[in-house]
Amino acid sequence: LVEQIVADPDQPIGSYSLVTKSARRFVPDLGDDIPEPHYEPVTRLINDWAVRDPGRAAVRQADRDRSYRELQASSEAVAKRLLAQGVRRGDVIAVCGEPNFGLFSAMIGTMLSGGVMLPLAPALPAERKRIMLEEAGAKYLAYVGSTHADEGSSFQNLNIIHIDPDGEQSMDSSPADSNELPDIS
């Protein structure tokens, strides 16, 4: 930096680079535009696998597994249930539950519905959950399991959708087959 200033002291301070010549090959200059990489949405990748190799194990837990076909079907069922509950593109959906197949379905279903996922670890203190939910503006909670611990005011004012821990279907009884999934690309 000092060498640049001595060599050309009349330049504005913002024109000098903090990146040395030897580091330039590893670290881009802050003044350079960096192209944004394109990544396929995870929901599309899972769907592609469900079409390409539907019986292949997508998720394993102990001695059990779920195929890509099963994961895709259960995730779509969750997404349709969320849409039936009124979820709109961009709505924040908290996802909470112990690690199991249903948690995967809830996370992917949230993305398929067009919602924004807010993961909540069950072990977090209730006050931390309340702050996260409030700051994120969450309207919905996809809770994996039939019951959740009494969170007092943490889950107050949330529309709670219970998700089957085995990831087979949503545990709520309202029909969801008529909801088309939004294009989330």
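Here the structure is a predicted model, which means the values were calculated and not measured.

Quick notes on a nonpolar patch on the surface
Part 1: Together, Leu1, Ile5, Ile13 and Leu18 make up a nonpolar patch on the protein surface, roughly 420 Å² of accessible area in all.
Part 2: Note on placement: Ile13 falls in the loop between helix H1 (2-7) and helix H2 (42-52).

Things to note about the side chain of Asp91
Part 1: Within the element layout of this structure, Asp91 appears in the loop between helix H3 (68-84) and strand S3 (92-96).
Part 2: A relative accessible area of 10% means that Asp91 is categorised as buried.
Part 3: Within polar-contact distance, the side chain of Asp91 engages the side chain of Lys139 at 3.5 Å.
Part 4: Once residues lying within four places of it in the same chain are set aside, the contact partners of Asp91 are Gly86, Gly115, Val116, Lys139 and Tyr140.

Regarding the environment of Arg81
Part 1: Position of Arg81 among the secondary structure elements: in helix H3.
Part 2: Overall, Arg81 belongs to the buried group, its relative accessible area being 10%.

Describing the pairing of strand S5 (residues 140-144)
Part 1: The element S5 is largely enclosed, with a buried count of five among its five residues.
Part 2: With four bridges connecting them, S3 and S5 associate as parallel partners. Bridging from a neighbouring strand, Cys96 pairs with Tyr143 of S5.

Parameters at a glance
- Residues numbered from 1 in each chain as written.
- Predicted model: local features only at pLDDT ≥ 70, side-chain atom pairs only at ≥ 80, totals over all residues.
- Heavy atoms only, no water.
- Patch = residues over 30% accessible without salt bridge, like charges linked within 9 Å, V, L, I, M, F, W, Y side chains within 5 Å.
- Areas by Shrake-Rupley, 256 points an atom, 1.4 Å probe, with all protein chains shown as cover.
- Salt bridge = Lys/Arg side-chain N within 4 Å of Asp/Glu carboxyl O.
- Helix = DSSP H or I, 4+ residues; strand = E, 2+ residues; numbered from the N terminus.
- Buried < 20%, exposed > 50% of the residue type's maximum accessible area, 1.4 Å probe, protein only.
- Polar contact = N/O pair within 3.5 Å; in protein donor to acceptor, adjacent residues only side chain to side chain.
- Contact = heavy atoms within 4.5 Å.
- Pairing = 2+ DSSP bridges.

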